[in-house]
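# Commentary on secondary and tertiary structure
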Amino acid sequence: MFSDRTNWKLAHNRFTQALEEVRAAGDRILDLTVSNPTRAGLEYDSRAILAALASPRSLDYDPQPKGLREAREAVAEYYRSDHGVCDLDVERIVLTTSTSEGYSYVFKLLCNAGDELLVPKPSYPLFEFLADLHDVKLVPYPLIYDHGWQMDFPSLERAVTPRTRGVVGVHPNNPTGSYVKTGEREQLNAFCRGRGLAVIVDEVFLDYGLDEQVCLPGLAKAARPGAPPQRDLYQGTPSGVPKGIESQSAFRRWGEDNTRSPSTRYARSGQALHAPVDRRSPIRRLGRDDRAGRDVASFAGNRDVLTFTLSGLSKISALPQMKLAWVVTSGPEAEVAVAMGRLEVIADTYLSMNAPIQWAVPTLLEQRRSIQRQLLERVERNLVELDRRLAGQKACQRLEVEGGWYTVLRVPVTRSDEELAIELVREKHVLVHPGHFYDFPSDGYLVVSLIAPEREFGEGIGRMLQTFN
Ligand SMILES: Cc1ncc(COP(=O)(O)O)c(C=O)c1O
């Protein structure tokens, strides 16, 4: 009776079962997987947000396939003011209810059933469901850890087939926190141009760059306690073979993506939000002037090849519940014109945007100024605390982080990551993600959220490290 594409294994995995048992026993869990910012103890300007949703203009129905022009102008202004993309034509922006919907539009635009897209590995597990729903096949290309994370172009080349339609990049990637470097962007453009492929870039974490290791020219890398060895710590599968990708993903086994992770029960710590950050920290947030023309520049200004840049309010303003995202199309004029014509029809078929949100976009985007400051301060403090604790032991190290809300820990491989995560939740009441949720190709990786409230974060890391002593 049902389609093959929805024939998912929906049973909870052992990790989820363990978590449910600990929760059912009423034990307090230190959640180091927090990804829902609305329950992370941030201070929102609730009055401004709620007032913006009550515009009388919302009483009018104006079905614009790409979204209301005023909302798209606010998006263009964000790229102009924060990312130096000054000539973004609002007619090249399509509003969607989520980045996932944005992907969905782009997949429909580019792919016939059975066509292929190249996706980074490790990365964000929701891709697989999106691909299934569009009968698209994902072919992973590995990111390799060697002096930071890098794209592996030889693997990318081997992964291309006549069915390949595009290359997906996550900039910065979740959970590796790595940006597509300027040199990689040029190589990627040349690679795609030569093969008639599109570039699809997810920039939801773009604004959360740290200059610890962002490879800004001339910036000395700070010596850091607990720094991991920098060579061959992680090598992706050399062939780029889609290991396990057509079977069931980690998140399918787990049954949730990390935005919807069971992360929120103890999120409100009530601790001070604005305590001064220790300025001896080697980590500094990136200012607006640091961004243009650097590794952290937006792909919204990418002209060399047909490019779809996805982002939205869920991370930019930490407002995932508002369901407002977008796709920016850039590239050679003729291709952009065809793409926009077709994207408009796709969007017109659904007309999924609601009026109150669209009228609120300027105010909701404005919230980023306060929210990003709070989140970046928290990320910074948590990283400093993590490094302080890592310096006191030798078993566990963290990988370099260039941006985003997560960090990857390298841990001893005495059992599978899943076993370790189960043990941590059962014995230590600490919740972390095993690396295999993100398709790390081997055991020995845990992923922790850097936006967890600081007190819980420090205590959770401390308890976790006891396991390795
Ligand atoms: C890389 C990445 N893209 C997109 C999303 C989801 O964005 P949205 O809420 O706009 O669908 C997430 C959520 O965690 C993510 O990690």
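Above this text is the structure in question.
Throughout this description, residue numbers start from 1 for each chain and increase along the sequence as written. With pLDDT at 70 or above as the cut-off, local features in this predicted model cover only qualifying residues; side-chain atom pairs require 80 or more to be listed or tallied, and sums for whole chains, interfaces and linings still use all residues.

## What about the sheet that holds strand β3 (residues 116-121)?
This is how the line gets drawn: Whether two strands pair depends on DSSP finding at least two bridges between them. Elements are defined by DSSP. Helices are runs of H or I of four residues or more, strands are runs of E of two residues or more, and each kind is numbered from the N terminus. Helix axes are fitted only over the stretch in contact, all axes being lines through C-alpha atoms; the angle between N-to-C directions runs from 0 to 180 degrees. Contacts here follow a simple rule: the backbone-placed C-beta atoms of the two residues must lie within 7 Å.
If you walk across this open sheet you meet the eight strands as β2-β9-β8-β7-β6-β3-β4-β5, and the pairing is mixed. One side of each edge strand has no neighbouring strand; the edge strands of this open sheet are β2 (93-96) and β5 (149-151). With strand direction ignored, the average angle separating the axes of adjacent strands in the sheet is 25°. With four bridges joining them, β2 and strand β9 (residues 325-330) adopt antiparallel strand pairing. Note on β9: the bridge partner recorded for Ile-93 is Val-328. On top of the sheet, helix α4 (residues 99-110) reaches β2, β6 (164-170), β7 (198-202), β8 (307-312) and β9; it is set at about 40° to β9, its chief contact.

## Considering the packing of helix α12 (residues 368-391) against helix α14 (residues 454-466)
Going by this rule: Each angle is binned into one of four classes, with values under 35 degrees roughly parallel, values over 145 roughly antiparallel, values of 65 to 115 roughly perpendicular, and all other values oblique. Take the far helix as the reference: if the near one is turned anticlockwise from it by less than a right angle, the crossing is left-handed, and if turned clockwise, right-handed. All residues other than Ala, Val, Leu, Ile, Met, Phe, Trp, Tyr, Cys, Pro, Asp, Glu, Lys and Arg, Gly among them, are scored as polar; the first ten of these are nonpolar and the last four charged.
Relative to each other, α12 and α14 sit at 25°, their axes nearing to 10 Å. Taken together, the axes of α12 and α14 lie roughly parallel to each other. Considering the relative orientation of α12 and α14, their crossing is right-handed. Residues Arg-378, Arg-381, Asn-382, Glu-385, Leu-386 and Arg-389 of α12 form the contact with α14, whose participating residues are Glu-454, Phe-457, Gly-458, Ile-461, Gly-462 and Leu-465. Here the contact of α12 with α14 is built from residues that sort into four nonpolar, three polar and five charged.

## What to know about the nonpolar core
As a reminder, the rule being used: Connectivity within a nonpolar core runs through C-beta atoms within 7 Å, and the core itself is a set of buried Ala, Val, Leu, Ile, Met, Phe, Trp, Tyr and Cys residues. Residues with at least 20 other C-beta atoms within 10 Å of their own are called buried, those with 12 or fewer are called exposed, and the rest are partly exposed. The C-beta atoms themselves are positioned from the backbone. For the domains described, the bounds stem from an automatic or database domain assignment.
Ranked by size, the top nonpolar core spans 125 residues in total, and within it Val-106, Leu-118, Val-199, Leu-364 and Val-432 carry the most contacts. The biggest single contributor to this core is α12, with seven residues. Summarising the domain contributions, this core has at least three residues from each of domain 1 (10-43 + 370-466) and domain 2 (59-249 + 273-367). In this view, Leu-364 contacts Ile-49, Ala-52, Leu-313, Ser-317, Leu-319, Met-322 and Leu-324; residues no more than four positions away in its chain are not counted.

## A look at the sheet that holds strand β11 (residues 406-410)
Sheet strands line up and pair through hydrogen bonds in the backbone, either parallel or antiparallel. Strand order in the open sheet made by the four strands is β10-β11-β14-β13, with antiparallel pairing throughout. Since the sheet does not close on itself, it has two edges, and those belong to β10 (397-398) and β13 (433-434), each with one partner. For β10 and β11, the ladder comprises two bridges, and the chain directions are antiparallel. The partner of Arg-398 across the bridge, within β11, is Leu-409.

## Section: helix α10 (residues 333-350)
Our working definition: Multiplying 1.5 Å by the residue count of a helix minus one yields the expected span of that helix.
Counted at 1.5 Å a residue, the expected span for α10 with its 18 residues is 26 Å, and the 26 Å between its end C-alpha atoms agrees. Directly after α10, the chain includes Leu-351, whose backbone phi takes a positive value near 40°.

## Let's talk about the environment of Asn-173
On the secondary structure map, Asn-173 appears in the loop between β6 and α7 (182-195). Residues Asn-173 and Phe-205 lie 32 residues apart in sequence; the distance between their C-alpha atoms is 7.9 Å. Setting aside residues no more than four positions away along its own chain, Asn-173 makes contact with Pro-120, Ser-123, Leu-143 and Ser-178.

## Digging into the environment of Thr-307
Assignment of secondary structure puts Thr-307 in strand β8. The class of Thr-307 is buried, set by 27 C-beta atoms lying within 10 Å. In the structure, Thr-307 is positioned 28 residues away from Glu-335 in sequence and 9.8 Å away in space, judged by C-alpha atoms. When sequence neighbours within four positions are dropped, the list of residues in contact with Thr-307 reads Val-199, Val-201, Phe-299, Asn-302, Ser-330 and Gly-331.

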